Amino acid sequence: MEISFLGTGGGRFTTLFQKRYTGGIRVDGLDNYIHIDPGPGALLLSNKTGLTPVLLNAVVLSHAHPDHYTDVEALIEAMTKAGTRDRGVLLSSRSGVECVDGFGPVISRYHRNMAGDVKVLDDDVSVELKNNVLIKSFRVKHSDPSSCGVVIGTPDGDIGYTGDTTYFSDLPNKLRGVRVLIMNVTRPLNSDITYHLSTNEAIRLISKVEPELAIMTHFGYNMLESGVEEQASVVEGETGVNTIAARDFMKVKVEEEIRITKKQSKILDFKSNL
Ligand SMILES: [Zn+2]
Ligand SMILES: [Zn+2]
């Protein structure tokens, strides 16, 4: 499987100023093309980096905040070839498809009907894709009470994604056994905040899950100011687990070995033109 980061920014200010991109994460492999949390720029950046969005067979929305949901509808259009094919599955938090405590619905009825299938994420909801790839969700603790994280089970091992959440005692159990752990670490060391992971909480989580590779992403403004590479090396020092701060357009190949490419290739020209 190949993981591509179409953005590593998170939170209101990083998103508003596009200090890091916010296009979400693509997980591709074994004839599956999965887009997780397509925030602002997801459609544009998919096209610009050659991650053809019309190939998608799954769009995943973890919760109803705009840095996660703004491009969901555009990608449902891509997945269904502008609504001409009855294909693909939308996996969405309840707040994507109905109102939950004032959150959502953020996906129009028109687009929900357009997707080949719609699955509402919750604890232990799983959806089978092609070639023994499985997406399984679990509830997390964030301001949108229906927020979820996911584990993508693949023949090459499991890939975990926390979504936006605070640390809670059952979180490590949900992610137990993953080879790669992607965490939305919005806040730096010693700056815990409700509903989000800080570097301190990332350390707690990684120590319990012990993945082969831990990836920090979804950086808020303060986190970026603190230096995300430094934050990642503190985490690695404390946990002994190989930990990196994601970069925009970074790719991680999960095969027998796990390989990381941090180079920005095709997108460079585009970025320097902005
Ligand atoms: Zn977020
Ligand atoms: Zn959020």
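Everything here concerns the structure above.
Below: a short report on this structure. (Residues numbered from 1 in each chain as written. Chains lettered and ligands numbered in written order. Predicted model: local features only at pLDDT ≥ 70, side-chain atom pairs only at ≥ 80, totals over all residues. Heavy atoms only, no water.)

**Observations concerning the coordination of the zinc ion (ligand 1)**
Move 1: Within the protein, the zinc ion (ligand 1) binds to Asp67 (OD), His68 (NE2), Asp164 (OD) and His218 (NE2); these donor distances fall in the range 2.2 to 2.4 Å.
Move 2: The coordination sphere of the zinc ion (ligand 1) comprises 4 donor atoms, whose angles at the metal cover 85 to 160°; the geometry is irregular.
Move 3: We note that the donor set of the zinc ion (ligand 1) lies within a single chain, spaced as D-H-x95-D-x53-H.
Move 4: Separating the zinc ion (ligand 1) and the zinc ion (ligand 2) is a distance of 3.5 Å, and aspartate 164 donates to both of them. Neither residue differs from the other here; aspartate 67 and histidine 68 are each classed as buried. (Donors = N, O, S within 2.8 Å, 3.2 Å for Na, K, Ca; no water. Tetrahedral: all angles 85-135°; square planar, octahedral: opposite > 155°, others 65-115°. Buried < 20%, exposed > 50% of the residue type's maximum accessible area, 1.4 Å probe, protein only.)

**Considering the pattern of salt bridges**
Any two side chains of opposite charge can pair if their charged atoms end up close together.
Move 1: Tallied over the entire structure, the rule returns 13 salt bridges.
Move 2: Lysine 251 is the partner of glutamate 2 in a salt bridge, and the nearest nitrogen-oxygen pair spans 3.6 Å. Of the two residues, glutamate 2 sits in strand β1 (residues 2-7) while lysine 251 sits in strand β15 (residues 251-254), which places them 249 residues apart along the sequence.
Move 3: The exposure class assigned to lysine 251 is partly exposed, which follows from its relative accessible area of 26%.
Move 4: Taking the shortest distance from any N to any O, the salt bridge between lysine 130 and aspartate 31 comes out at 3.4 Å. Taken together, the residues span a long stretch of sequence, with lysine 130 in the loop between β7 (126-128) and β8 (134-139) and aspartate 31 in the loop between β2 (22-29) and β3 (32-36) at a distance of 99 residues.
Move 5: What you see here is one network of salt bridges that share partners, running through Glu2, Lys251 and Lys253. (Salt bridge = Lys/Arg side-chain N within 4 Å of Asp/Glu carboxyl O. Helix = DSSP H or I, 4+ residues; strand = E, 2+ residues; numbered from the N terminus.)

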